[in-house]
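# Coordinates in review
Spelled out from the first residue to the last, the chains are:
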Amino acid sequence: MEFSYCPDCGARLERRSLGDEIGVPWCVCCGRPWFAMFPVAVIALVYNDRGEVLLLRQNYISTEFHNLVSGYVKPGEDAESCVVREIMEETGLEVDSVRLVFTDWFAKKELMMIGFFAHARCRRIKLSSEVDSAEWVEASMIKDFLSPRPESTSRRLALHFLNEREV
């Protein structure tokens, strides 16, 4: 979201250059910039010691493909805490480690996705109401369940996981 008016005082913003940034919305009254804002979400490929990856079915996201655990970062929350919380909320699984893999701009929804690998301590799943079903799948098969679109963050995260396992 890009601001036209100052969220603090309501004055119309003008464009200014700030260092290398050109055309930044600026409030003359408050003397501050208002950079564009966008939502931030995490996405996690959850795996276990059996060589399995957790795939979800969430029909409100897709009725055709499976997806990975994901959710929005709350104000004041860091991405690592968010991914642990989202995994627990959606699947009931505790994870003992999370590792940042990449960030990805998801143009379709205009949001920043932060991709993680997360290791689950056990396999017992307790689904939230927002998840229609979940299953552990042999890691080598996950590409068959995810969207084939190259811009799919789930697919990119899965390919990263598979490439690391080959090394």
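Computed from a prediction, not measured in an experiment: that's the story for all the values here. Starting afresh in each chain, residues are numbered from 1 along the sequence in its written order. Selection of residues for local features in this predicted model requires a pLDDT of at least 70, selection of side-chain atom pairs for listing and counting requires 80 or more, and totals for whole chains, interfaces and linings are taken over all residues. The side-chain quantities take in all heavy atoms of the structure and omit both hydrogens and water.

### What about the overall build of the protein chain?
Along the backbone of the protein chain there are two helices and nine strands. Starting at the N terminus and walking to the C terminus, you meet the elements of the protein chain as β-β-β-β-β-β-α-β-β-β-α. Based on C-alpha atoms, the radius of gyration is set beside the globule rule, defined as 2.2 Å times the residue count to the power 0.38. On C-alpha atoms alone, the protein chain measures out to a radius of gyration of 19 Å, which is more than a quarter above the 15 Å that the 2.2 N^0.38 rule sets for 167 residues. Projected onto its principal axes, the C-alpha positions of the protein chain cover 60 × 30 × 30 Å. The helix and strand labels rest on DSSP assignments: H or I over at least four residues marks a helix, E over at least two residues marks a strand, and numbering proceeds from the N terminus.

### Here we look at helix H1 (residues 79–91)
Helical geometry: 3.6 residues make up each α-helical turn, so side chains three or four residues apart lie on a common side. If you check H1, its first and last C-alpha atoms are 18 Å apart, about what 13 residues at 1.5 Å a residue would give, namely 18 Å. Exposed residues in this analysis have more than 50% of their type's maximum accessible area, buried residues have under 20%, and partly exposed residues fall in between, with area computed by a 1.4 Å probe over protein chains only. Among all positions of H1, only Ala79, Cys82, Val83, Arg85, Glu86, Ile87, Glu90 and Thr91 are buried. By the convention used here, residues are in contact when the closest approach between their heavy atoms is within 4.5 Å. For H1, the elements touching its buried residues are strand S4 (40–47), strand S5 (52–57), strand S6 (69–72), strand S7 (95–106) and strand S8 (111–120). Here, expected helix span is obtained from the residue count minus one, scaled by 1.5 Å.

### Observations regarding the pattern of salt bridges
By definition here, a salt bridge exists when the distance from a side-chain nitrogen of Lys or Arg to a carboxyl oxygen of Asp or Glu is within 4 Å. On inspection of all chains with the given rule, the structure shows eleven salt bridges. The salt bridge partner of Glu151 is Arg149, with a shortest N-O separation of 3.1 Å.

### A short note on the environment of Ala41
Along the chain, Ala41 falls in strand S4. Spatially, the C-alpha atom of Ala41 lies 30 Å from that of Gly31, the residues being ten residues apart in sequence. With residues near it in sequence (within four places) discarded, Ala41 still touches Gly71, Tyr72, Val73, Leu111, Met112, Met113 and Ile114.

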